[in-house]
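Coordinate inspection notes
Take a look at the letters that make up each chain.
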Amino acid sequence: MRFALGHDDLHPTEEVEIRSLSVGDSPRIAGESLEHVETLVAASVPLPPIVVHRPSMRVIDGVHRLRAAMLAGRQTIAVRFFEGSAEDAFILAVESNITHGLPLSTADRRQAAERIIATHGRWSDRMIASVVGMSAKTVADIRRGAEAGAAGEFARVGRDGRVRSIDVSSGRRLAHEMITGDPSLSLRQVARAAGISAETVRDVKNRMLRGEDPVLRKRQAKLVGLSADDRPPEHTVARSEVKPPPATVVARLREDPALRLNENGRDLLRLLNIHLVRSEDWNRIIDSVPPHSTETIAELARYCAEKWTEIAFRIERKGAKSA
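Residues numbered from 1 in each chain as written. Predicted model: local features only at pLDDT ≥ 70, side-chain atom pairs only at ≥ 80, totals over all residues. Heavy atoms only, no water.

**Notes on unusual backbone geometry**
Positive phi outside glycine occurs at Met 57, with the angle close to 60°. Among the structural elements, Met 57 can be located in the loop between strand E2 (50-53) and strand E3 (58-61). (Helix = DSSP H or I, 4+ residues; strand = E, 2+ residues; numbered from the N terminus.)

Structural data, given as structure tokens:
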């Protein structure tokens with residue numbers, strides 16, 4: 001299992017006085033199991049160290065082991081400290097109990113999912129499902145019923161750490177703009193930046209070649225509040241407007257007083273200008289990447305692409321609100 005909060009974040013094992021530790025905020029609705037504690041006391045093998053949230057000294061994982069140590073009359077116990085937030089500590093408690101020890105009940109997992117949706121609402125259903133040990137469909141049902149749900153959300157973080165749009169239509173339109181601006185971009189490059197799958201990008205390309213809108217008819221109808229039957233026939237949909245290359249657009253933006261006459265606007269123009277590199281120049285830059293740095297630079301490039309995608313969604317949302 002891939003942990004949402006890597007166990008590499010835990011500190012090396014230390015021996016800590018039991019009296020300095022506290023318990024509480026457990027993902028177990030019914031609390032501790034005395035039977036399980038007695039089983040651990042009777043165990044003849046050393047038990048793994050418990051995990052403790054250092055800021056609060058609260059046990060994250062290992063309350064039963066702590067109780068067993070107390071029953072055995074021990075004064076200290078082996079501990080690995082976690083330094084993160086209280087919200088992340090709860091998530092670590094849940095996923096730790098999913099992978100070992102006394103299993104969490106269905107009710108425990110459901111309550112944990114509700115809480116994680118409230119504190120980490122941008123995580124995808126699959127991401128939360130991997131933490132609580134439920135199906136993504138069940139998490140989606142819980143999310144729909146949660147009052148603290150998706151209000152204002154425009155993207156979610158998946159299990160691979162990438163940000164993806166909830167509204168695929170936005171990703172399709174962004175893919176259309178990228179392909180129009182630079183047809184040499186690969187499907188994977190566009191998919192990563194637009195937060196959609198490579199197959200969806202392929203469909204966008206095919207629809208462009210046929211002169212169709214990159215957003216599917218049913219999705220367009222949903223966006224404007226019309227049923228598919230109320231939409232005009234596919235062949236009557238106007239061809240997507242061919243947009244000028246990004247370099248031309250940025251050149252026009254440089255003439256906009258609202259941007260060039262204030263510091264934030266000039267910063268934005270400089271950032272946009274950085275990316276106006278020709279395909280052949282990108283090829284030259286890529287060829288110059290040393291083999292020992294390929295993974296690092298690829299990850300940084302992916303991170304930058306995801307940040308720009310997030311910025312694009314936020315700008316679009318701002319525009320929609322002010323319209």
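**Topic: the side chain of Arg 172**
As for its position among the elements, Arg 172 is in helix H7 (residues 168-181). We classify Arg 172 as buried; its relative accessible area is 6%. (Buried < 20%, exposed > 50% of the residue type's maximum accessible area, 1.4 Å probe, protein only.)

**Description of a nonpolar patch on the surface**
On the surface, Leu 34, Val 41 and Leu 71 cluster together into a nonpolar patch covering about 300 Å² of accessible area. Mapped onto the secondary structure, Leu 34 falls in helix H1 (residues 34-42). (Patch = residues over 30% accessible without salt bridge, like charges linked within 9 Å, V, L, I, M, F, W, Y side chains within 5 Å. Areas by Shrake-Rupley, 256 points an atom, 1.4 Å probe, with all protein chains shown as cover. Salt bridge = Lys/Arg side-chain N within 4 Å of Asp/Glu carboxyl O.)

**Some words on the sheet that holds E3**
Strand pairing in a sheet relies on backbone hydrogen bonds, with the paired strands running either antiparallel or parallel. Strand order in this open sheet of four strands is E1-E4-E2-E3, and the pairing throughout is mixed. Whereas interior strands pair on both sides, the edge strands pair on one side only; in this sheet they are strand E1 (14-17) and E3. Strand-to-strand twist of the sheet, defined as the mean angle between neighbouring strand axes without regard to direction, takes the value 55°. Two elements, E2 and strand E4 (residues 76-82), share four bridges in a ladder whose sense is parallel. The partner of Val 52 across the bridge, within E4, is Phe 81. Here helix H2 (residues 63-71) sits on the sheet and contacts E2, E3 and E4; the angle it forms with E3, its principal contact strand, is near 120°. (Pairing = 2+ DSSP bridges. Axes fitted to C-alpha atoms, helices over the stretch in contact; angles between N-to-C directions. Contact = heavy atoms within 4.5 Å.)

**Comments concerning helix H6 (residues 136-145)**
Listed in full, the buried residues belonging to H6 are Val 139, Ala 140, Ile 142 and Arg 143. Looking down the long axis of H6, one finds its buried residues gathered within 160° of arc, a one-sided arrangement. With respect to the buried face of H6, the exposed residues turned more than 90 degrees away are Lys 137, Arg 144 and Gly 145. (Arc of directions from axis to C-beta.)

**What to know about the packing of helix H4 (residues 106-119) against H6**
Interaxial distance between H4 and H6 falls to 10 Å at its minimum, and their mutual angle equals 60°. Relative to H6, H4 is oriented oblique. Here H4 runs over H6; the crossing is right-handed. Each of Arg 110, Ala 113, Glu 114 and Ile 117 in H4 lies in contact with H6, whose residues at this interface are Thr 138, Val 139, Ile 142 and Arg 143. Within the contact of H4 with H6, the residues separate by chemical class into four nonpolar, one polar and three charged. (Parallel < 35°, antiparallel > 145°, perpendicular 65-115°, else oblique. Left-handed = near helix turned anticlockwise from the far one by under 90°. Nonpolar A, V, L, I, M, F, W, Y, C, P; charged D, E, K, R; others polar.)

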